[in-house]
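Residue strings, one per chain:
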Amino acid sequence: MLSLLSSWSLELKTIINLVDQGHQWKFHGGIHPPSRKERTKTLAISTIEMPQQLFLSLSQHIGQPAVPVVAIGDTVQKGQLLAKQDGFISAAVIAPTSGTISDICQYSNCHISGIETQTIVLTPDHLNTWRTKLPLTLTSDHQQILERIKLSGITGLGGAGFPAAVKLATKAAIEFLIINGAECEPYITSDDLLMQERGAGIVAGIEIMAQLLKPQRIIIAIEDNKPQAITAMKEAAKQSIIDIIVRAIPTLYPAGGEKQLIEVLTSKQVPSGKIPADIGVVVQNVATSHAIANAVLLDEPIVSRIVTVTGELVDKPGNYEVPIGTSIEQLLIHAQFKPQTQQKIIIGGPMMGFALQQINAPVIKSTNCVIAASINELPDAPPEQNCIRCGDCEQVCPANLLPQQLQWFAKDQDHKKLNDHNLFDCIECGACAFVCPSTIPLVQYYRVAKAEIRQTTEDKRQADRAKDRFEQRNIRLERDKQERLERSKKAAEVRQAAMSKNSDGDAVAAALARIKAKKAAAEESSDAPNKDRVAAAIARAKAKKSAQTTSPEPAAQESDDIDPQKARVAAAIARAKAKKAAQQQKIDSSNDQSTNADTIETIDPKKARIAAVIAKAKAKKTLELEQANNNGNDDKSVTVADTIETIDPKKARIAAVIAKAKAKKALEQQQSNNNNDQR
Amino acid sequence: MSFLLIAVIILTGLGLVFGLLLGYASIKFKVKEDPVAEKIDLLLPQTQCGQCGYPGCRPYAEAVANGDDITKCAPGGKATIEQIADLLSVPIPDNSNNDDIVIKKVAFIIEDDCIGCTKCIQACPVDAILGTTKQMHTVIIDECTGCDLCVEPCPVDCIEMIPVAQTTKNWNWQLNAIPFKQLES
Amino acid sequence: MMYLSVTPSPHNLGTNKTSRVMASVMLATVPGVATLIYFFGYGVLFQIAICCLTAILSEMAILKLRQKDIAINLKDNSALLTGILLGISIPPLAPWWIGVIGTCFAIIVAKQLYGGLGFNLFNPAMVGYVLLLISFPVAMTNWLMPLELSHVVLSFSDYISAIFTGVTTTGLSIHELRLGIDGITMATPLDTLKTDLTLGLTSGESMQKPVFDSLGGIGWFWVNIAFAIGGLALLKLKVIRWHIPVAVLGSLLFFSLIGYLLNPDSQGSSIFHLFNGATMFGAFFIATDPVTAATSNKGRLLFGCFIGLLIYVIRTFGGFPDAMAFAILLANMTVPVIDYYSKPTTYGRGGNNE
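Bear in mind that the values here come from a model prediction, so they are computed numbers and not experimental data.

S.K.: Before we go on, may I ask you to explain the pairing of strand β2 (residues 54-57) of chain A in this structure?
M.R.: Within a regular beta strand, the side chains point alternately toward one face of the sheet and then the other, so they alternate between its two faces. Residues and elements named next belong to chain A. Every second residue of β2 is oriented toward a common face, with Leu54 and Leu56 on one face and Phe55 and Ser57 on the other, all of them buried. Looking at chain direction, β2 and strand β8 (residues 117-124) are connected through four bridges and run antiparallel. Bridged to Phe55 within β8 is Val121.

S.K.: Sorry, what's going on with the interface of chain C and chain A here?
M.R.: The accessible area lost on association of the parts is a frequent measure of interface size. The interface is formed by 45 residues belonging to chain C together with 72 residues belonging to chain A. Carbon and sulfur atoms make up 52% of the area that chain C and chain A hide from each other, which totals about 4,800 Å². On the chain C side of the contact with chain A, His11, Asn12 and Tyr347 of chain C bury the most area, a combined 18% of that side's loss. The interface formed by chain C and chain A holds three salt bridges in total. Our enumeration of links across chain C and chain A arrives at 27 residue pairs in polar contact (both at pLDDT 80 or more). Those elements that place two or more of their residues in the side of chain C that touches chain A are β1 (2-4), α17 (297-317) and α18 (324-341) of chain C. When residues in the side of chain C that touches chain A are grouped by element, the largest group, three residues, is from β1 of chain C. Of the residues that constitute the side of chain C that touches chain A, the class distribution is 18 nonpolar, 19 polar and eight charged.

S.K.: What is the right way to look at the sheet that holds strand β4 (residues 75-76) of chain A in this model?
M.R.: As a general point, the strands of a sheet are linked pairwise by backbone hydrogen bonds and lie either parallel or antiparallel. Residue and element names in this part refer to chain A. Spatially, the four strands line up as an open sheet ordered β2-β8-β7-β4, and their pairing is antiparallel. Strand pairing shows two members of the sheet lacking a second neighbour, β2 and β4, which therefore form its edges. Bridge count between β4 and strand β7 (residues 99-107): two bridges; the pairing is antiparallel. Residue Val76 lies in a different strand from β7, and its bridge partner there is Gly99.

S.K.: Is there a simple way to think about the sheet that holds strand β5 (residues 81-84) of chain A in this case?
M.R.: Residues and elements named next belong to chain A. Spatially, β3-β5-β6 is the arrangement adopted by the three strands of the open sheet, whose pairing is antiparallel. Each edge of the open sheet carries a strand with a single partner, namely β3 (67-68) and β6 (93-94). Where β5 lies against β6, two bridges are found, and the strand directions are antiparallel. Across the sheet, the residue bridging to Leu81 is Ile94, located in β6.

S.K.: Just checking my understanding: could you explain the packing of aromatic side chains for this structure?
M.R.: One pair of aromatic rings is described through two measures. These are the centre distance and the angle between the planes. Applying the stated rule across the entire model yields 15 aromatic pairs over all chains. A ring pair is formed by Trp96 of chain C and Phe164 of chain C, whose centres lie 6.3 Å apart and whose planes are at 20°; its orientation type is stacked. With a gap of 68 residues between them, Trp96 of chain C in helix α6 (residues 96-111) and Phe164 of chain C in helix α9 (residues 156-165) connect regions that are remote in the sequence. On the basis of relative accessible area, Trp96 of chain C is assigned to the partly exposed category, the value being 35%. Since its relative accessible area comes to 44%, Phe164 of chain C is described here as partly exposed. Here the guanidinium or amino end of Lys26 of chain A rests over the ring plane of Phe27 of chain A, the centre of that ring lying 5.9 Å away. The aromatic ring of Trp130 of chain A is capped on one face by Lys133 of chain A, whose charged end is 4.3 Å from the ring centroid.

S.K.: Got a minute to help me understand the pattern of salt bridges in this structure?
M.R.: Opposite charge on two side chains lets them pair, provided their charged atoms get close. Enumeration according to the criterion identifies 29 salt bridges over all chains in this entry. Across the pair Lys238 of chain A and Glu235 of chain A runs a salt bridge, and its minimum N-O distance is 3.9 Å. Taken as a pair, Lys238 of chain A and Glu235 of chain A lie in helix α7 (residues 227-239) at a separation of three residues, close to a single helical turn. Lys238 of chain A sits in the exposed class, given a relative accessible area of 63%. Residue classification places Glu235 of chain A among the partly exposed residues on the basis of a relative accessible area of 43%. Residue Asp339 of chain C pairs with Arg389 of chain A through a salt bridge whose shortest N-O separation is 3.4 Å. A residue pair is termed interchain when its members come from two chains, as with Asp339 of chain C in helix α18 and Arg389 of chain A in the loop between β17 (369-374) and α11 (392-396). Across this residue pair, the class does not change: Asp339 of chain C and Arg389 of chain A are buried.

Conventions adopted
Residues numbered from 1 in each chain as written. Chains lettered and ligands numbered in written order. Predicted model: local features only at pLDDT ≥ 70, side-chain atom pairs only at ≥ 80, totals over all residues. Heavy atoms only, no water. Buried < 20%, exposed > 50% of the residue type's maximum accessible area, 1.4 Å probe, protein only. Helix = DSSP H or I, 4+ residues; strand = E, 2+ residues; numbered from the N terminus. Pairing = 2+ DSSP bridges. Contact = heavy atoms within 4.5 Å. Buried area = accessible area lost by both parts, 1.4 Å probe. Salt bridge = Lys/Arg side-chain N within 4 Å of Asp/Glu carboxyl O. Polar contact = N/O pair within 3.5 Å; in protein donor to acceptor, adjacent residues only side chain to side chain. Nonpolar A, V, L, I, M, F, W, Y, C, P; charged D, E, K, R; others polar. Phe/Tyr/Trp six-rings, centres within 6.5 Å; stacked < 30°, edge-to-face > 60°. Lys NZ or Arg CZ within 6 Å of the ring centre and 35° of its normal.

In structure tokens form, the structure reads like this:
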């Protein structure tokens, strides 16, 4: 009905006309959670002292982790590239200050899972010296500007952390450039203060983006609970060389969600599975815009961000400009955090943010707010009760889903139904869980279900691939076998012919045979995908080797020079033995009470393995011998050899395997014994 | 008497007509279905590991279709057993170790130790190991099904099965699994 | 030592709780119940008390059998509400075991055997009511005449005695209590009209009887008004949404109006339908039960319209005088279908986007 009406009105006026007239639309649902922004919304942006160490995770954004370009011990300057982006959707990591790289290791990240990620640890020298800056201007080449934004490691600073350059590199014709200053989540005021204090910077960023995208209209959207920010931005927009509309939108969570904001401002809906650029819209956060201005006009990449620190448990809440990589613990200490026996540290807002697990995790680019909440302030949800189908969730869902049905299906793990009910259109805003009278953690169910579906899809894909490859391999093996038979048959014929005929014929036959052999070889090697993969693997191996140059094995290399193959084999075996011995030693040393029996046991598996290796080697030798015989014999001998091949070596191999298995079992048993002893 | 006869004749006639109709319909509207083995094969994890005692997933699927035990697929674990049970409408056997969670592992070649014997390459059922004679070998992690078959043939024991690491990307949102953290204040 | 508590987002929750929803509905019945007491005496209160007590006891028993947490499940107040709603529906002087049987059936069979709160397909109170109506039709249609028409004045102890022994302290049976001054048994307005129409009277003639006044049935008009006020309070508190009551009343108005215009002699007027029997009570308190109603707004409108139509059809052409319980149960059955076909269009799947 509504859509009919709107499409009818669209015929009369274009959306742009309506927008120009100040028209706004409504998205479905929405809620009014208590805003709790009062504590920090009047506190000016302030800085904190440079911490003793900065932890720069390589996964601060959506997409591939960045790849380090510095090594431990390097000295770096402020703004220097530490890790470059890997692939299209990825973002660079920049040194937030000058200092030395003290470590590159796995470290806690600012992520809900609490999983550690690869992290560059930077020890600041407190000199804060910038690298040389090469500012660009508004009129610089587009490609150059885009490259600069990319190299500056700018991601969406609103919370999601999507690489900013990707959005700006779109080829689509852009109708609307929307600058998101809605900040609809409770507690957070970092964007509010940024707009109040640095409006000019934001507008400068908008001008750059306008250069790149050539939008027909530019709208800054701010929720109407931030009057100062609205005034400040209107003032800043007036100074601009381009037309910028500043629009106050009704305060309604989640109006700051990208899709919802687009609907409010333009009446358009981003089609499921598409991106805003597909309907001619690009949305960037105000802080992102500010960062872009800094990166392009000052050549100052993203080295810090504004973080709101609030909650009942900090005595000095505020909006702090914090170097990226500062540990949250340090930030909280600065804000005079008063820990209790139990509390929640929420990163982001209370609706979509997450509870931090490790307080030593660092501030990353998308950390816009840290809430140190007492258990009374943000209490745990009471136990889940039965759904009474009240439908409140459906009333507030901004994606117009059926949260209640989804919940049933999620509990049933009914993936088909979940897909039918568009689970993946859920933006996880939490409005449904907020209003649920039965306190069902709806969003959590959806997240788990989404993860399950993704996993199942991935497993299925892998299984299909594995099946394909297995079948392909079987076909190849069959073909190889046929070819081998063919070849030996041909060879035998040629030889027979040579015996009976004169030398002329012999030469022709030999040439023929050679050509055929060549052809077969060509066929074998023309397994195109394999070839590519081989190349890739070798490349990878090389890369790995070069990475491992720090731990060379001089002895092995020396012997390599003398008799490469042999020596290497010997070295490998020696190493394997050494390793085993080391393991044994470790076990022994960890076990003070190791008795004589144990020592015997430790010898036994070794012996068994040696025996196994010998047996194997023997098997191999017989096999080789047989093959050698084959080459010089006729048809009959081939079959005989084949049978031998199938019997003798097999037996030997079986023996070897059994011996090995025994050895392993003994070893395992011993290990478990040791473990028991230790306990 | 004639009533009885008429009734019998009519009923017989009706039976015949409907029988023919049904017979015709069953031929005419026959739904082409995948054979059961095909369907079972689709449920199996395709690791081709042979732990079931058959040389690959397809042969096991055929064996199950012919009445073999459905609990032999170790990599598939509980989920696969349930799916097959569901497909074949048979009860889930009790003796299956239902509660063990299958942790996906992939093979990893310790490259320093590799002597380039190509034995693992021959063993790999899905061609997921690259390398050639006297050259170091590498496992294509994305293609590895974790079947274990390459571990045994290696003469220098340089292949290890390592569990696929959990990253922020494949994390499954199991918050309940996270214990409360104790921290020094 | 300090703990970081890890919980899934959202970390702040609204204040609405199931127990509060149920409690508000209970409170909203107060005006209606007070009016019922005013017109029909304290019997109403005893019936409600009997049903509530039975509801809680049977809920506890079945929860124990199902090995559920009794305290948590009782606290949602849903059993109590079922008891109150059923108590209101039972004639004020019905014997005590009527309420007990009805409530037990409602709680144990209609609610808990389906899986408890949220899983029942049918409204428990109405299932209990219908069970009683078809099992004990006499007892269940023995509504007293309004007190102002009665020739006996009953004391408090008379009610207790009547409910538990079947006769008042002065030895009058319920049947005798229901005799009018003229010695003719008085029935409810809906019942009277139905009987008269089958006897060949026109509706106009029937309306002349003492049980009617200018507004419809004596007392019943005000009872309906009182329940409507309670219902409006629920709307104001946002405990219920407008879709179902409006659709029920609207469609009842619409269909009864058509019927009345086509055939005024054999049918009650729209006003008669809207303010008689259980119309308002049903529209605001029973049909809006979220568990058994459709979930989307569109679905709820459809659901309500269907109930209104059924009320009209059953009242006019059916065998029973009132139709609320049947209409709602029949509509309950259609909910899955309605829900299936009234799915909203998800954001970004509208189709007419550019």
